[in-house]
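Listed below are the residues making up each chain.
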Amino acid sequence: MEYFYIEICQKILVVLFCFTLFWKIIRHMCSFLDVPKEPCRVLVTGAAGQIGYAIVPMIARGVMLGPHQPVILHMLDIEPAAEALNGVRMELIDAAFPLLKGVVATTDVEEACKDVNIAVMVGGFPRKEGMERKDVMSKNVSIYKAQASALEKHAAPNCKVLVVANPANTNALILKEFSPSIPEKNITCLTRLDHNRALGQISGRLNVHVSDVKNVIIWGNHSSTQYPDVNHATVTTSSGEKPVREVVADDQWLNSEFITTVQQRGAAIIKARKLSSALSAASAACDHIRDWVLGTPKGSWVSMGVYSDGSYGIPEGLIYSFPVTCEKGEWSIVKGLKIDEFSRAKMDATAKELIEEKSLAKSCLN
């Protein structure tokens, strides 16, 4: 009997030992999950301007890269804006963002580009009253040529670039031409703002939440020739997902007023607030990078200005807005969508404008 109790006690001790060992192994493995992430260096050019002032706190708060990714902000602006830029730096420090691990505020483009993982190119020369298109293009060619050279020499390998400043598509193309070591798939331009505007118009028309609408497309140039397309978009209803065209049931509105509203939304905001749409542009830039880095939801796509591979008959060598999905830090153009005659004409018209812009940029270089 005594031997029996000894045997039971030994078994209990063995079980307790195994349980303790197992618990220590689990805790040890969990400790690896708590290893702090390396900070991601994010460059914002034109950081003292309106969009820059709106976007830097979003980045520092985790809106762009998620709530667990520390960041070091690199902010660049021109010499006349140096004092304002320093003011933005002071505010970032005063905000005490937990994810913000450092701030570089400079007017030196090479210092700004040093080791950056993501570059958000907000700075550019805006068109002023009385200026010709060629004058604006010439100024931006000069700016983006210099910034491309600095990124080429000093950015981290596999740096992702988003061009926001207008003309965004052609500025991105210039940047690509002068930074040949940056893969063409790593240079994009912002049409997510137009994409979000299209979602907002549909959700307002149907009186549904914007998250219930998905898969609109912005084709082409970030300009008044862009084509907001709802032919493949869906809306979640009480009876499941349905095509937007079917639920709106007003082709006249979708083929006219809806398109022009999205195309002219930026001008309407300037008229209303006497300033550009800085907040929504900053938010869209965060959406663009977040989906690019972290991936798009399954079954959804977004609009990005990317280097054309000839898909949908769009000439290669243009930065053109397509529907894309993103996974593991890479974007892919959505293939095989049916294009009707109305859409074909709109898509070709905006491509034609981009060809003209490309030619104008080349003439400025020459």
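Preceding this section is the structure that the text describes.
Summary of the structure given here. Just so it is clear, the model here is predicted, and its values are computed rather than measured. Per-chain numbering applies: the sequence of each chain, read as written, is numbered from 1 onward. Reporting of local features is limited, given that this is a predicted model, to residues whose pLDDT is at least 70; pairs of side-chain atoms are given and counted only at 80 or more, and all residues count toward the totals for whole chains, interfaces and linings. The side-chain numbers reported here are obtained from all heavy atoms of the structure, hydrogens and water having been left aside.

## Concerning the environment of W253
Piece 1. In this text, helices come from DSSP runs of H or I with a minimum length of four residues, and strands from runs of E with a minimum of two, each type numbered from the N-terminal end. Examined against the element boundaries, W253 turns out to sit in helix α9 (residues 251–254).
Piece 2. We call two residues in contact whenever any of their non-hydrogen atoms come within 4.5 Å of each other. Residues contacting W253, with those up to four places away along its chain left out, are Q201, I202, R205, V248 and F258.

## With respect to the pairing of strand β12 (residues 302–307)
On a regular strand, each side chain points to the face opposite its neighbour's, so the side chains alternate between the two faces of the sheet.
Piece 1. Within β12, 6 of the 6 residues are buried, which leaves it mostly tucked inside the rest of the structure.
Piece 2. We call two strands paired when DSSP finds no fewer than two bridges between them. With 6 bridges connecting them, β12 and strand β13 (residues 319–327) associate as antiparallel partners. What sits directly across from V306, in β13, is Y320. For every residue, the accessible area obtained with a 1.4 Å probe (protein chains only) is divided by the maximum for its type, and the residue is called buried under 20%, exposed over 50%, and partly exposed between those limits.

## So, the sheet that holds strand β11 (residues 240–243)
Piece 1. Taken together, 3 strands build an open sheet; the order of strands is β7-β10-β11 and the sheet is antiparallel. Both edges of this open sheet fall to β7 (213–214) and β11, since each of them pairs with a single strand only.
Piece 2. Inspection of the sheet shows β7 paired to strand β10 (residues 234–237) by 2 bridges, in the antiparallel sense. Bridge pairing in β10 places V213 opposite V235.

## Concerning the pattern of salt bridges
Piece 1. Whenever Lys or Arg places a side-chain nitrogen within 4 Å of a carboxyl oxygen from Asp or Glu, that contact is recorded as a salt bridge. Following the criterion strictly, the structure yields 9 salt bridges and no others.
Piece 2. A salt bridge links E177 to K176, with the nearest nitrogen and oxygen atoms 3.7 Å apart.
Piece 3. Classification of E177 by relative accessible area gives partly exposed; the value is 47%.
Piece 4. The salt bridge partner of R290 is D287, with a shortest N-O separation of 3.1 Å.

## What about helix α3 (residues 82–95)?
Piece 1. By definition here, a helix of n residues has an expected span of 1.5 Å times n minus one. Compared with an ideal rise of 1.5 Å per residue, which puts 14 residues at 20 Å, α3 spans 20 Å between its outermost C-alpha atoms and is within 8% of the ideal.
Piece 2. Just past α3, the residue A96 takes up positive phi, approximately 55°.

## Looking at the packing of aromatic side chains
Piece 1. Two rings from Phe, Tyr or Trp (for Trp, the six-membered ring) form a pair when their centres sit within 6.5 Å of each other. Planes less than 30 degrees apart are called stacked, planes more than 60 degrees apart edge-to-face, and all others tilted. In total, this model carries 5 aromatic pairs according to the counting rule given.
Piece 2. Ring centres of Y227 and F342 lie 6.1 Å apart, and the angle between their planes is 70°; on these two criteria the pair is classed as edge-to-face. Note that Y227 is positioned in strand β9 (residues 227–229) and F342 in helix α13 (residues 341–365), a separation of 115 residues in sequence.
Piece 3. You can call Y227 buried: its relative accessible area is 2%.
Piece 4. Residues W253 and F258 carry aromatic rings whose centres are separated by 5.5 Å and whose planes lie at 45° to one another, so their mutual orientation is tilted.
Piece 5. When its relative accessible area of 1% is taken as the criterion, F258 is described as buried.
Piece 6. In this structure an aromatic cluster arises from ring pairing among W219, Y312, Y320 and F322.
Piece 7. In this analysis the charged atom, NZ for Lys or CZ for Arg, is taken to sit over a ring once it is within 6 Å of the ring centre and within 35 degrees of the ring normal. We note K139 situated over the ring of F125; from NZ or CZ to the ring centre the distance is 5.2 Å.
Piece 8. For the cation-ring pair, R205 lies above W253, with the distance from its terminal atom to the ring centre recorded as 4.4 Å.

It is worth stressing that arrangement in space is one thing and function is another; only the former is reported here.
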